[in-house]
Amino acid sequence: MKPIYGILLGAACATGLLSPLRAETPATPTPAPAAKAAPAAIAPAALDILKGMSDTLAKAKSMSFNVRRAFDEPAANGQPLFYMVSTNVSLQRPDKLKVVALGDGPPSEFYYDGKEFAVYLPASNMIAVESAPANLDEMLEAAFNKAGLYFPFVDFIVADPYAAVTEKLTSAFVMGQSNVVGGTTTDIVAIANPDYQAQLWIGAKDKLPRLIWVTPTNGKSRSMIEFANWRLNAGGLKFARAPGAAKAGHIKFGKPGETASAK
């Protein structure tokens, strides 16, 4: 499947999964020689790091991790205001995904079981359910097209993360390393395509993404995504819906730009 996503796509979601309602500030890394001059091409060393990360994620049959996302939106006076969202993610290939948004903003829970996807809103005790393809990648595409559902970490859970991250790539180079992100040594890769510019902090040993900064080229909201508490191929993951979801009132998903309506 050709990736329709990108770590910059950022479609709004009325459920609160992405609603506007951290990581330590990294020290200036020691630049690698390639970063001293403004590179105009795609460096093989950068692609090697991205490929190592992608292979690690793609080979995992199951995973769980935490995401903290920060992004800015302008206030009425033009001042940028920053918002933060914390999310717990559990995945089991090929057909199970659970995403629990803890805050800021209204809490929400997303479930996928190979037959349907659902968003449960515990604060209002409402749930929306939609039939879904049996394949995770196809479900993610259907969820976006049918309901505008989008996850900022989507490029890292699809079957081929490398294809998603490097789509339309115009520039990629290695900045150097950092020892202050994710409690480990990370390789820092800068990438760009016509839609965004981004920096990725990737574990030098475990090859896992730790931090991402994304700057859109169209002037829209900047975004930071921090990954933590990675568990790959670990047992004990739970995908059952919250007990309250069984008695929740049902609403319909609205297409992007539409308001969801009650059944």
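Look up: the structure comes first, before these words.
If you're wondering where the values come from, they're calculated on a predicted model, not measured in any experiment.

If you had to explain the environment of Gly103 to someone new, which residues and values would you point to?
In this fold, Gly103 is placed in strand 4 (residues 96–103). Classification of Gly103 as buried rests on a relative accessible area of 16%. Note: C-alpha distance between Gly103 and Tyr83 (20 residues apart in sequence) is 9.9 Å. Discounting residues that sit within four places of it in the chain, Gly103 has contacts with Met84, Val85 and Ser86.

Let's hear about the nonpolar core: which residues, and what values?
In this structure, Leu97, Phe110, Met139 and Ile191 are the most contacted members of the largest nonpolar core, which totals 53 residues. Looking at this core, the element that brings in the most residues is helix 3 (residues 136–147), giving 6 residues. Residues within four places of Leu97 in sequence aside, it is in contact with Val89, Ser90, Leu91, Phe110, Tyr111, Tyr112, Leu136, Met139, Leu140, Phe151, Ile157 and Phe239. Counting residues in each nonpolar core, the second largest holds 9 residues, with Ala70, Val181, Ala190 and Leu211 among its members.

Tell me what's going on with the side chain of Ser86, and back it up with residues and numbers.
With respect to the element layout, Ser86 can be found in strand 3 (residues 80–92). Taking relative accessible area as the criterion, Ser86 reaches 18% and is therefore assigned buried. With residues up to four places along the chain from it excluded, the contact list for Ser86 reads Asn66, Val67, Arg68, Val100, Ala101, Leu102, Gly103 and Asp104.

What counts and what doesn't
- Residues numbered from 1 in each chain as written.
- Predicted model: local features only at pLDDT ≥ 70, side-chain atom pairs only at ≥ 80, totals over all residues.
- Heavy atoms only, no water.
- Helix = DSSP H or I, 4+ residues; strand = E, 2+ residues; numbered from the N terminus.
- Buried < 20%, exposed > 50% of the residue type's maximum accessible area, 1.4 Å probe, protein only.
- Contact = heavy atoms within 4.5 Å.
- Core = buried A, V, L, I, M, F, W, Y, C linked by side-chain atoms within 4.5 Å.

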